[in-house]
Amino acid sequence: MTNQTIHVVARFVALPDKVEQLKTLLLGLIEPTKLEAGAIKYELLQNQSDPTDFTFVEEWESAAALDKGLPKNKIYSRVR
């Protein structure tokens with residue numbers, strides 16, 4: 001099979017007193033990431049039953065596009 005897209009699901013759980021801080025940080029990643037070459041979908045979901053629980057759903061044109069976009073995604077250095 002050729003031209004398979006890559007799907008990524010990334011989950012983040014905030015400390016109860018840091019929910020808004022994490023939400024702001026995650027929301028700030030959406031637009032720059034959507035502009036990355038090969039990014040098809042980059043969506044943030046927040047669990048309605050547990051507001052500390054966030055999930056990104058991503059779709060990329062290829063593994064190469066994902067690999068190229070990851071170093072530009074500052075989430076790995078900003079979320080600890």
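Up top is the structure these notes are about.
This section reports on the structure supplied with the text.

On to the pattern of salt bridges, then. Side-chain pairs of opposite charge can arise where the charged atoms are in close proximity. All told, the structure shown has 1 salt bridge when counted by the stated rule. When the shortest N-O distance is used, the salt bridge between arginine 11 and aspartate 53 registers 2.8 Å. You can see arginine 11 sitting in strand β1 (residues 6-13) and its partner aspartate 53 sitting in strand β3 (residues 53-60), a full 42 residues away along the chain. Taking relative accessible area as the criterion, arginine 11 reaches 58% and is therefore assigned exposed.

This part takes up the nonpolar core. Ranked by size, the top nonpolar core spans 13 residues in total, and within it Phe12, Leu22, Leu26, Leu44, Phe54 and Phe56 carry the most contacts. Listing elements by their share of this core, those giving two or more residues are β1, α1 (19-34), β2 (39-46) and β3. For this core, the leading source of residues is α1, giving 6 residues.

Bringing the environment of phenylalanine 56 into the picture now. With respect to the helices and strands, phenylalanine 56 occurs in strand β3. For phenylalanine 56, a relative accessible area of 0% puts it in the buried group. Between the C-alpha atoms of phenylalanine 56 and alanine 10, which are 46 residues apart in sequence, the distance is 5.0 Å.

This brings us to the environment of alanine 64. With respect to the element layout, alanine 64 can be found in helix α2 (residues 63-69). With 26 residues separating them in the primary sequence, alanine 64 and glycine 38 have C-alpha atoms 8.6 Å apart.

A separate point is the pairing of β3. Counting buried positions over the 8 residues of β3 gives 7, a clear majority of the element. Relative to β3, β1 runs antiparallel, the two sharing 8 bridges. Bridge pairing links isoleucine 6 to tryptophan 60 in β3. Bridge count for β2 against β3 is 7 bridges, and the pairing is antiparallel. Opposite leucine 44, over in β3, you have phenylalanine 56 as the bridge partner. Hairpin connection of β2 to β3: 6 residues between the antiparallel strands.

Procedures and definitions
Residues numbered from 1 in each chain as written. Predicted model: local features only at pLDDT ≥ 70, side-chain atom pairs only at ≥ 80, totals over all residues. Heavy atoms only, no water. Salt bridge = Lys/Arg side-chain N within 4 Å of Asp/Glu carboxyl O. Helix = DSSP H or I, 4+ residues; strand = E, 2+ residues; numbered from the N terminus. Buried < 20%, exposed > 50% of the residue type's maximum accessible area, 1.4 Å probe, protein only. Core = buried A, V, L, I, M, F, W, Y, C linked by side-chain atoms within 4.5 Å. Pairing = 2+ DSSP bridges.

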